[in-house]
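Coordinate analysis (summary)
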Amino acid sequence: MNQEDYAPEDAYEAGDATGEDAQATRREAGEAESSRASRGWWDRNADDYQNEHGAFLGDDRFVWGPEGLDEADAALLGPADSLKDKDVLEIGAGAAQCSRWLAARGARPVALDLSHRQLQHALRIGEDVPLVEADAGRLPFRDASFDLACSAYGAVPFVADPANVMREVHRVLRPGGRWVFSVTHPIRWAFPDEPGPEGLSIAASYFDRTPYVEQDEEGRAVYVEHHRTLGDRVRDVVAGGFRLVDLVEPEWPEWNTQEWGGWSPLRGNLIPGTAIFVCERD
């Protein structure tokens, strides 16, 4: 990636593995192209991702982002003792680490992901959570099937129409249900994707919503990430029928010394890296 020309943040779920021949650019990418690219990218890179980040994520830990904010401490879905017997949908579940944490608290999670290979890693870790391979924009569930829904950097940053994902989640949630999702903090798109001092200078317009695309020699997208401003994200939540009850911007903790793509203690102590939206269905 030429950081002088492009300054998007690698998504938490995407890590930092890219194809050697992929060319980075900013161009429009629609829903079908984005979905196809995401499925292919994750199927190709799931092994490297789990090898590199599996220790941090654990087998049954629920972390909201590279800062390491743990649901056990944050309780954004509600107090741990309130999760018992709740039907929970995890979107963009990867290897279903978060779902496993929920199951250990008595919830009934379902882990959904677009990538077949990611779900194979979920099976490798354990067969204790139901797995569904599907697109977040077309959830294969009946209306009012779940009490809660969550996504830790899954799906939302990679779709061309996030408001549609919000509407789908709204549809499958029961009245009073909570929807909590984390994404790269929008301000990070204005900075180069570098963990060191070179990543602390503005390099692009925060207001440029043009998708970040990695494409092959034929111009076919192999990775797509969509930028939204903070206001855009709020409007997507509202357009989906939700009420925003909290917006969490985790600070970088002293114990976390790791670098993950452009996330690092240096940058994390100066600018936010993650935004977590806590929403409720009336």
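Going along each chain's sequence as written, the residues are numbered from 1 onward. Local features in this predicted model are restricted to residues whose pLDDT is 70 or higher, and side-chain atom pairs enter the listing and the counts only when it is 80 or higher, whereas totals over whole chains, interfaces and linings include all residues. Hydrogens and waters are ignored; side-chain quantities use all the structure's heavy atoms.

**Let's talk about the nonpolar core**
A general trend in soluble globular proteins is that nonpolar side chains are found buried together. Membership of the largest hydrophobic core comes to 26 residues, with the highest contact counts inside it found for Leu89, Ile91, Val169, Trp179 and Phe181. Among the secondary structure elements, those contributing two or more residues to this core are strand S2 (87–91), strand S3 (108–113), strand S5 (146–152), helix H5 (162–172), strand S6 (173–184) and strand S10 (274–281). By nonpolar core is meant a set of buried Ala, Val, Leu, Ile, Met, Phe, Trp, Tyr and Cys residues that side-chain atoms within 4.5 Å join together. Each residue is assigned to one of three classes by its accessible area relative to the maximum for its type, calculated with a 1.4 Å probe on protein chains only: buried under 20%, partly exposed between the two thresholds, exposed over 50%. Among the nonpolar cores identified, the runner-up in size contains 17 residues, and Phe62, Cys150, Ala152 and Val278 belong to it. Strands here mean DSSP runs of E at least two residues long; helices mean DSSP runs of H or I at least four residues long; both are numbered from the N terminus.

**With respect to empty space enclosed by the protein**
Any residue with an atom within 4 Å of a point lines the site, the site being either a cavity, points on a 1 Å grid over the protein atoms alone where a 1.4 Å probe fits but cannot get out, or a pocket, an open set with protein on both sides within 12 Å along at least 5 of 7 lines. Grid points are joined across faces, edges and corners, and a volume is the space filled by probe spheres set on the points. Per the counting criterion, the structure on display carries 4 cavities of 30 Å³ or more. The space that makes up the largest cavity amounts to roughly 290 Å³. Taken together, 26 residues make up the lining of the largest cavity; nearest its centre are Ser38, Leu114, Ala155, Phe158 and Val159. Residue assignment for the lining of the largest cavity shows that the elements contributing at least two residues are helix H1 (31–57), S3 and H5. Per element, the largest residue contribution to the lining of the largest cavity is 5 residues, and it comes from H1. Its residues placed into classes, the lining of the largest cavity shows 11 nonpolar, 10 polar and 5 charged. Charged means Asp, Glu, Lys or Arg here, nonpolar means Ala, Val, Leu, Ile, Met, Phe, Trp, Tyr, Cys or Pro, and polar covers whatever is left, Gly included.

**Concerning the state of the cysteines**
Throughout, a disulfide means two cysteine sulfur atoms within 2.5 Å of one another. Applying the stated criterion across every chain yields a total of 0 disulfides. Left unpaired, Cys98 is separated from the closest cysteine sulfur, that of Cys150, by 6.3 Å. Here Cys150 falls in the buried class, since its relative accessible area comes to 0%.

**Notes on unusual backbone geometry**
Both trends apply: most residues other than glycine have a negative phi, and most peptide bonds are in trans. Positive phi, normally seen in glycine, also occurs at Asp85, with a value near 70°. For Asp85, the location among the structural elements is in the loop between helix H2 (71–74) and S2. When its relative accessible area of 44% is taken as the criterion, Asp85 is described as partly exposed.

**Looking at the sheet that holds strand S1 (residues 23–26)**
On the basis of which strands lie adjacent, the open sheet formed by 3 strands has the order S1-S7-S8 and antiparallel pairing. Strands with a single pairing partner mark the edges of an open sheet, and in this sheet they are S1 and strand S8 (221–225). Sheet twist, expressed as the average angle between the axes of neighbouring strands with direction ignored, equals 20°. Pairing between S1 and strand S7 (residues 212–215): 4 bridges, direction antiparallel. By the bridge assignment, Gln23 is partnered in S7 with Gln215. Lying on the sheet, H1 is in contact with S7 and S8; it crosses S8 at an angle near 105°. Each pair of strands is called paired provided DSSP finds at least two bridges between the two strands. Helix axes use the C-alpha atoms of the stretch in contact, all axes being lines fitted to C-alpha atoms, and the angles between their N-to-C directions lie in the range 0 to 180 degrees. Any two residues whose heavy atoms approach within 4.5 Å are treated as being in contact.

**Here we look at helix H4 (residues 116–125)**
Listed as buried for H4 are Gln118, Leu119, His121 and Ala122. Looking straight down H4, one finds that the buried residues subtend no more than 150° of arc, so they occupy a single side. Between the side-chain oxygen at the start of H4 and the backbone nitrogen of Arg117 there is a gap of 3.3 Å, and the oxygen is on Ser115. Taking the helix axis as origin, the arc is that swept by the directions to the C-beta atoms. Residues adjacent in sequence count toward polar contacts only when both atoms are side-chain atoms; beyond that, a polar contact is any pair of N or O atoms within 3.5 Å, and within protein one must be able to donate a hydrogen and the other to accept it.

**Describing the pairing of S10**
Most of S10 sits inside the fold, with 8 of its 8 residues counted as buried. Alternating positions in S10 separate into two faces, Thr274, Ile276, Val278 and Glu280 on one and Ala275, Phe277, Cys279 and Arg281 on the other, with burial throughout. Bridge count for S6 against S10 is 7 bridges, and the pairing is antiparallel. Bridging across to S10, Arg178 finds its partner in Glu280. Of the strand pairs in this sheet, strand S9 (residues 242–248) and S10 are connected by 6 bridges, and their pairing is antiparallel. Of the residues in S10, the one forming a bridge with Leu244 is Cys279.

**Describing the environment of Lys86**
Structurally, the position occupied by Lys86 is in the loop between H2 and S2. Each C-alpha atom, one on Lys86 and one on Asp147, is 5.9 Å from the other, the two residues being 61 residues apart in sequence. Discounting chain neighbours no more than four positions away, the residues touching Lys86 are Ala107, Arg108, Asp147 and Leu148. Only 3.1 Å separates the side chain of Lys86 from the backbone oxygen of Ser82, close enough to count as a polar contact.

**Thoughts on the packing of aromatic side chains**
The rule is short: rings of Phe, Tyr and Trp, with Trp giving its six-membered ring, pair when the centres are within 6.5 Å, and they are stacked under 30 degrees, edge-to-face over 60, tilted in between. All chains considered together, the criterion is met by 14 aromatic pairs. Each ring, one from Trp41 and one from Trp42, has its centre 4.9 Å from the other, and the planes form 75°; the classification is edge-to-face. Look at Phe158 and Tyr223: their rings are 6.2 Å apart centre to centre, the planes differ by 75°, and that puts the pair in the edge-to-face class. Of this pair, Phe158 sits in the loop between S5 and H5 while Tyr223 sits in strand S8, and the two are 65 residues apart along the sequence. Note on Phe158: relative accessible area 6%, which makes it buried. An aromatic cluster of at least three residues, connected via ring pairs, comprises Trp41, Trp42, Tyr49, Phe56, Phe158, Tyr212, Tyr223 and Trp260. We call a charge positioned over a ring when the NZ of a Lys or the CZ of an Arg lies within 6 Å of the ring centre and within 35 degrees of the ring normal. When the ring centre of Phe56 is taken as origin, the NZ or CZ atom of Arg61, which lies over that ring, is 5.1 Å away.

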